[in-house]
Amino acid sequence: DAEITQSPRHKIIETGRQVTLACHQTWNHNNMFWYRQDLGHGLRLIHYSYGVHDTNKGEVSDGYSVSRSNTEDLPLTLESAASSQTSVYFCASSESFGTGNEKLFFGSGTQLSVL
Amino acid sequence: GQQVMQIPQYQHVQEGEDFTTYCNSSTTLSNIQWYKQRPGGHPVFLIQLVKSGEVKKQKRLTFQFGEAKKNSSLHITATQTTDVGTYFCAGPGSHNNDMRFGAGTRLTVKP
């Protein structure tokens, strides 16, 4: 069965360190997204991609970067982690707009703590 | 940019009572989606509404899309403990493919 997986599930890092969160989907979806979830803020969009070599900034992109070298993967990098980036991070994928089936499939999330 | 506002933030009900959460957008939406997230879990898609005034039902859940396509609601009839979780609405952002979420309504149900 197709799926979307995130790794690691939990990560603790020191302030200023670089960390990359992995996201891999086997749905063959063109669209991939990274959200962060914080109490009181719901899900906020960090970056998204509509296909290979395409990346776009979301609502809260400062301090984060992504790259899309293939259809299956969209890794999220925190170049120099800050305590404000402590959060739960969700990756998601979807079919392209206009297909009538644009629902998001979410991974299980990564709990990141920056100390 | 497009913002989706959702109320209430929390709702605590007795089992068997009804529950409603509301979603409002500052702009007209081409579609709206609803998701449920169980405690400790990830958001799971429930439904997508596309047409003005659309009403869809899934068992005890009723979803509505406003005539102006700027608001939506989710109503649960006779809540059960299995309904516990956070319910999110989401609408497309400026690029149509980028879904922007409301802050969610956290539902707790007392047995």
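Summarised in this report is the structure supplied together with it. (Residues numbered from 1 in each chain as written. Chains lettered and ligands numbered in written order. Predicted model: local features only at pLDDT ≥ 70, side-chain atom pairs only at ≥ 80, totals over all residues. Heavy atoms only, no water.)

Another aspect to go through is the overall build of chain A. Regarding its fold elements, chain A presents zero helices and eleven strands. Put simply, chain A runs from its N terminus to its C terminus through helices and strands in the order β-β-β-β-β-β-β-β-β-β-β. Computed over the C-alpha atoms, the radius of gyration of chain A is 13 Å, within 12% of the 13 Å expected from 2.2 N^0.38 for a compact globule of 115 residues. On the principal axes, the C-alpha backbone points of chain A span a range of 40 × 30 × 25 Å. Out of the 115 residues in chain A, the part that is buried amounts to 44%. By sequence separation, contacts in chain A at least 24 residues apart represent 53% of the contacts at least 6 residues apart. Split by element, the accessible area of chain A, about 5300 Å² in all, is 46% carbon and sulfur. With 8 positive and 12 negative side-chain charges, chain A shows a spacing of 7 Å between the two charge centroids. (Helix = DSSP H or I, 4+ residues; strand = E, 2+ residues; numbered from the N terminus. Rg over C-alpha atoms; globule rule 2.2 N^0.38 Å. Buried < 20%, exposed > 50% of the residue type's maximum accessible area, 1.4 Å probe, protein only. Contact = heavy atoms within 4.5 Å. Areas by Shrake-Rupley, 256 points an atom, 1.4 Å probe, with all protein chains shown as cover. Lys, Arg positive; Asp, Glu negative; His and termini not counted. Charge placed at Lys NZ, Arg CZ, Asp CG, Glu CD.)

Time to look at the layout of surface pockets. Empty pockets left among the atoms are what a rolling probe the size of a water molecule brings to light. Taken as a whole, the largest pocket holds about 550 Å³ of empty space. The wall of the largest pocket is formed by 31 residues, among which Gln37(A), Leu39(A), Gln37(B), Gly40(B) and Thr86(B) lie closest to the centre. Among the elements of the structure, strand E4 (31-38), strand E9 (87-94) and strand E11 (110-114) of chain A together with strand E9 (85-92) and strand E11 (105-110) of chain B are those that each provide at least two residues to the lining of the largest pocket. Of all the elements, E11(B) adds the most residues to the lining of the largest pocket, at four residues. The residue makeup of the lining of the largest pocket, split by class, is nine nonpolar, 18 polar and four charged. (1 Å grid on protein atoms, 1.4 Å probe; cavity = no way out; pocket = protein on both sides within 12 Å on 5 of 7 lines; lining within 4 Å. Points joined across faces, edges and corners; volume = space filled by probe spheres on them. Nonpolar A, V, L, I, M, F, W, Y, C, P; charged D, E, K, R; others polar.)

Looking now at the state of the cysteines. What makes a disulfide is a covalent bond joining the sulfur atoms belonging to two cysteines. All names here are of chain A. This model, assessed by the stated rule, comprises two disulfides over all chains. Here cysteine 23 pairs with cysteine 91 through a disulfide, and the sulfurs are 1.8 Å apart. Where cysteine 23 bonds to cysteine 91 through sulfur, the torsion about that S-S bond is close to -75°, and the disulfide is left-handed. Taken as a pair, cysteine 23 in strand E3 (residues 19-25) and cysteine 91 in strand E9 lie far apart in primary sequence, 68 residues in all. Like cysteine 23, the residue cysteine 91 is buried in the burial classification. (Disulfide = S-S within 2.5 Å.)

Next up on the list: the interface of chain B and chain A. Contacts between the two partners involve 22 residues from chain B, matched on the other side by 25 residues from chain A. On inspection of chain B and its partner chain A, the count reaches zero salt bridges. When grouped by side-chain class, the residues that make up the side of chain B that touches chain A number eight nonpolar, twelve polar and two charged. (Salt bridge = Lys/Arg side-chain N within 4 Å of Asp/Glu carboxyl O.)

All names here are of chain B. Here E11 shows one buried face, formed by Thr105, Leu107 and Val109, and one open face, formed by Arg106, Thr108 and Lys110. Across three bridges, the pairing between E9 and E11 is antiparallel. Its bridge partner lying in E11, glycine 85 is registered against leucine 107. (Pairing = 2+ DSSP bridges.)

Cis geometry marks the peptide bond from Ser7(A) to Pro8(A), where omega comes out at -5°. The step from Ile7(B) to Pro8(B) runs through a cis peptide bond, and the omega angle for that step is -5°. Position of Pro8(B) relative to the elements: it lies in the loop between strand E1 (4-7) and strand E2 (10-14). Even without a glycine there, the phi angle at Lys59(B) is positive, about 55°.

Attention now moves to the nonpolar core. One finds Ile32(B), Trp34(B) and Phe63(B) to be the most contacted residues of the largest nonpolar core, which totals 19 residues. Among the secondary structure elements, those contributing two or more residues to this core are strand E3 (19-25), strand E4 (32-37), strand E5 (44-49), strand E7 (61-65), strand E8 (71-76), E9 and E11 of chain B. If we skip the residues at most four places from it in the chain, Ile32(B) touches Cys23(B), Ile47(B), Gln48(B), Leu49(B), Phe65(B), Ser72(B), Cys89(B) and Ala90(B). Ranked by size, the runner-up nonpolar core spans 18 residues in total, among them Trp34(A), Leu76(A), Ala81(A) and Cys91(A). (Core = buried A, V, L, I, M, F, W, Y, C linked by side-chain atoms within 4.5 Å.)

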